[in-house]
Amino acid sequence: MSFFGLDCTRKKEGEVERKIRANDREYNLSFKYATNSIKTSKYNPFTFLPLNLFEQFQRIANAYFLFLLILQVCKIQVCCEPPNNRLDRFTGTLTFNSQKYSLDNERVLLRGCTLRNTDWCFGLVLFAGNKFRQMCGVCSGKFGHYKLLTKVVFSFKAFLPREENTVFSAFLTFWSYIIILNTVVPISLYVSMEVIRLGNSYYINWDRTMYHAGSDTPAEARTTTLNEELGQIKYIFSDKTGTLTQNIMTFNKCSINGKSYGQDQSVEMTPVDFSFNRLADPKFLFYDHSLVEGVKLELPDVHAFFRLLALCHTVMAEEKREGDLVYQAQSPDEGALVTAARNFGFVFRSRSPETVTIEEMGIQRTYELLAILDFNNVRKRMSVIVRNPEGKLSLYCKGADTIIYERLHPSCSEFAGEGLRTLVLAYKDLDEEYFSEWKQRHHESSVALEDREEKLEKLYEEIEKDMMLIGATAVEDKLQDGVTQTLEQLAKAEIKIWVLTGDKQETAENIGYSCNLLREEMNEVFVVAFALESNMELEFLRTACICKTVICCRVTPLQKAQVVELVKKYKKAVTLAIGDGANDVSMIKAAHIGVGISGQEGMQAVLSSDFSFAQFRFLQRLLLVHGRWSYLRMCKFLRYFFYKNFTFTFVHFWYAFFCGFSAQTVYDEGYITLYNLVYTALPVLGMSLFDQDVNAGWSLEYPQLYVPGQLSQYFSKRAFMMCALHSWYSSLVLFFVPYAAIYDTARDNGKDGTDYQSFALITETCLTVTVCVQLGLDLSYWTVVNHLFVWGSLGMFFILTFTMYTDGLYRLRPSSFAFIGTARNCLNQPNVWLTVALTAILCVLPVVVYRFLSSQISPTINEKVRYKVCQMKEPAPRPRRTRLTRRSTRRSGYAFSHAHGYGDLMTSGRYLRRNALTCSTGLIPTGRSPGFKPTGRSAGYSPVGREQNPKQKVEPTSLQVFRAVKDSFF
């Protein structure tokens, strides 16, 4: 039963099996299976309000502001006679808690009266300005000199009857001050933070230097809540294929029957001319002419080699017009191998669920496809069983060397030493009788309801034995542009980079040398097996943390996520994972920040990521420029915001000693409302959106600038306490300097200059000027926008102050604009402006002295770089592009990049869209077709990308090992 959207049914026992009959509704309903009705909504009309409120107020911030709102609505109501000039009588009623109390002349105090023999009382101003009773007897004259001595803010205080219970009275006073002091953390803090994060996200989207023209792909910030964490990354976990490399495979070399083919492309050589083959791909290049000669001479081993490549795959061919072949492969490796066979005369033309049609040296041949032994992460190989037109049964297999054949020909080791991805090819002739019996057992296992996968695996193992080795292929996956430089820059920024790949140790190691993660002087190489076992993970983490480079090979997608979770669990650091394929999604979601590369393997990684772009080299700009700026700006924003609001609020504390702790506010009601909304909102936003300590060029030139963010030096407990201490000092100055300046003073016209309204206005002016001066000291990069916001806010303060304190607004609404004439009577005094200047200087003087001494005695890395940039007086340098190559003799292996399940798709017929064109025979040099287009691991057939799951925060422990910041560069 569903009640208010909640499933209240009892949990059913697990099903052993399920039976369904076609077109028999009554039979199917008897089992009470779930229907096709799917509910994706979170609420219904009855549960929307309660459940939504429950979720919203689970957030501390929302509950906090709701609590303040409840406290602020407590008020009383007085109904009395209108203003008049009779001083001997008064009639009115007071309503509180639905009870009415009588008010008469004995309960009214006239201006100038003194209340004696009374410990305390609550008061409410009834008539003010030119409407109070003494003023009603005045015929004419200026009323600007009459000052209201008592000020009450209705929304901030509840005026209650006198209570004899001092405990209850203290309770009320306490909560009254909670209301007054709520400006320490105003709601504008959260609003401003979201605006800043949104703006910094747009900077990433608008960055043209992170736009890849080849794929027409800009950088994209897919979230707005993690920008500042980009400036605190300590660990990067990177995939290899498609992330560090291009994932565009080229058939480089091969070994057939012990003979190697293929030459070093770096040597000036003429590529092979494939013009004899009208179906050749013009983009395919090969430099060993002897292999073509072997094909033309019809060497049996060479033909068998390319025949296997043309038959053993899950590629699909699309031929829109005669000779125009387009290959769609689930992996770039498969596309490269089938394209190689195509150029050497063994052209894959079409397929059906039962057949595979190829063209062998101009002769079309159709093979009967009897079975596909599909690839998975455990098998690391795939096989096909075919019957050729002559009726001969054969099994063709390709896969990783350790799986296909334990001992490879030495030529395979030579390929691996050059960092190439090696793949071993083998075949086996089958007996007709044995295959028939095996096929029957295969069918029985494929329809089994229990242990189907295990039974099929045993059958695959049985038939894939005693195979004959044909040869091996070597496919090259080149590094992306700028990978080496990016890794070097990130290493200088004290960011540790761990490469997590499914390749063999030798292949991963050679890629490490190619991108300069590994160097020749690193002679101590640790090889750890079973590192993620529960009794080994801590030892693995300790060992990995003392290594300069960590490369985890032969890892599954789940193990990638486990490595990330291990670092998050035991290291107090922010992690980032970057990948390009569906096998990287779990790693991307496990890290604090996930980055997806839109490459050759579909969009699953991008859809699961927080940030995305097209090339790995953009990562250094994302972190060293945008990430560092975002973190620096957010820290400056928080420090300044807390300073200005702490200072604003602490003044009430000092005033409490002079108002008898009556919860009276220092400032005008309008100023309290506009302080965070108008007077100080735009300047801090301008600083948080446009400030730079150094520009982007110098940020990339000095990656060491990134280190303070990793150590949380810009905003920490110490920085917060320093901010609070500075605010406490500033509030002390802001209260007592104006208080002393106007104490027992007179104006130029001889009138008394000591009154509450004048003191409030002077304090407001001093505070506004002081926080603007402090922001000017915090700004490192002044722009036109910053000037407009700072000077505009100061100008707006004086404009609105004079406007709100005018006679006209007072006559329209006396209760809201009670400070009538205060601005023009107070701000025209020279001593007031001297007080404002003195207060501002005293408030910022400790900051100026501290920063000067610290920059001279112990300068930070930011100060060193800024000083050096100023001394050089040169524009920012352009990023340096270096090309580092290395040829290693180390052995490498191949990581088969298939995805499981494509064999069943090939034999199902679901992928077929049209029949293949009729193929003509003969190898005639009459034209060429475009090359294969690897469409990534999805290739139109992979599962639909799931919606990104919310990230779960994992609290790190205190086992973080901090490294000392070595500033030897300077």
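See the structure shown above.
Residues numbered from 1 in each chain as written. Predicted model: local features only at pLDDT ≥ 70, side-chain atom pairs only at ≥ 80, totals over all residues. Heavy atoms only, no water.

What to know about the packing of helix H26 (residues 756–778) against helix H30 (residues 830–857)
Put simply, H26 and H30 touch, their axes get as near as 9 Å, and they point 30° apart. With respect to the hand of their crossing, H26 and H30 are arranged in right-handed fashion. On H30, the residues that touch Ile762, Thr765, Cys766, Val769, Thr770, Val773, Gln774, Leu777 and Asp778 of H26 are Val832, Thr835, Val836, Thr839, Ala840, Cys843, Val844, Val847, Val848 and Arg851. (Axes fitted to C-alpha atoms, helices over the stretch in contact; angles between N-to-C directions. Helix = DSSP H or I, 4+ residues; strand = E, 2+ residues; numbered from the N terminus. Left-handed = near helix turned anticlockwise from the far one by under 90°. Contact = heavy atoms within 4.5 Å.)

What to know about the sheet that holds strand S7 (residues 233–238)
Strand order in this open sheet of 7 strands is S6-S23-S22-S21-S7-S19-S20, and the pairing throughout is mixed. In this open sheet, the two edge strands, each paired with only one partner strand, are strand S6 (220–221) and strand S20 (550–552). Helix H16 (residues 537–545) contacts S7, strand S19 (496–500) and S20 of the sheet and is inclined by roughly 125° relative to S19. (Pairing = 2+ DSSP bridges.)

Let's talk about unusual backbone geometry
Its identity is not glycine, yet Asn257 carries a phi of approximately 55°, on the positive side. Following the sequence through the fold, Asn257 ends up in the loop between strand S8 (245–256) and strand S9 (259–261). For Glu494, which is not glycine, the phi dihedral falls at a positive 65°. Positionally, Glu494 belongs in the loop between helix H14 (483–492) and S19.

Digging into the pattern of salt bridges
For the coordinates displayed, the defined rule picks out 24 salt bridges. One salt bridge connects Glu390 with Arg365, and the closest N-O pair in it is separated by 2.8 Å. Residue Glu390 is located in the loop between strand S15 (381–387) and strand S16 (393–399), and its partner Arg365 is located in strand S14 (residues 363–373); the two are separated by 25 residues in the primary sequence. Taking the relative accessible area as the measure of exposure, Arg365 reaches 19% and is therefore buried. A salt bridge links Glu462 to Arg441, with the nearest nitrogen and oxygen atoms 2.6 Å apart. (Salt bridge = Lys/Arg side-chain N within 4 Å of Asp/Glu carboxyl O. Buried < 20%, exposed > 50% of the residue type's maximum accessible area, 1.4 Å probe, protein only.)

Things to note about helix H5 (residues 166–180)
Across its 15 residues, H5 extends 21 Å between first and last C-alpha, which sits within 8% of the 21 Å expected from 1.5 Å per residue. For H5, every residue scored as buried is listed here: Ser176, Tyr177, Ile179 and Ile180. One face of H5 carries all of its buried residues, which in axial projection span an arc of 150°. (Expected span 1.5 Å × (residues − 1). Arc of directions from axis to C-beta.)

Some remarks on the sheet that holds strand S5 (residues 99–104)
The strand order across the open sheet formed by 3 strands is S3-S4-S5, and the pairing between neighbours is antiparallel. Both edges of this open sheet fall to strand S3 (77–80) and S5, since each of them pairs with a single strand only. Strand after strand, the sheet turns through a mean of 25° between neighbouring axes, direction not considered. Pairing geometry for S3 and strand S4 (residues 91–96), over 4 bridges, is antiparallel. Within S4, the position partnered with Val78 by the bridge is Leu94.

Description of the nonpolar core
Counting residues in each nonpolar core, the largest one holds 62 residues, and the members touching the most others are Phe637, Tyr667, Tyr671 and Leu767. Setting aside residues up to four positions removed in sequence, Leu767 forms contacts with Thr647, Phe648, Tyr667, Tyr671, Tyr675 and Leu734. Of all hydrophobic cores here, the second largest spans 50 residues; its members include Ile256, Leu279, Cys312 and Ile372. (Core = buried A, V, L, I, M, F, W, Y, C linked by side-chain atoms within 4.5 Å.)

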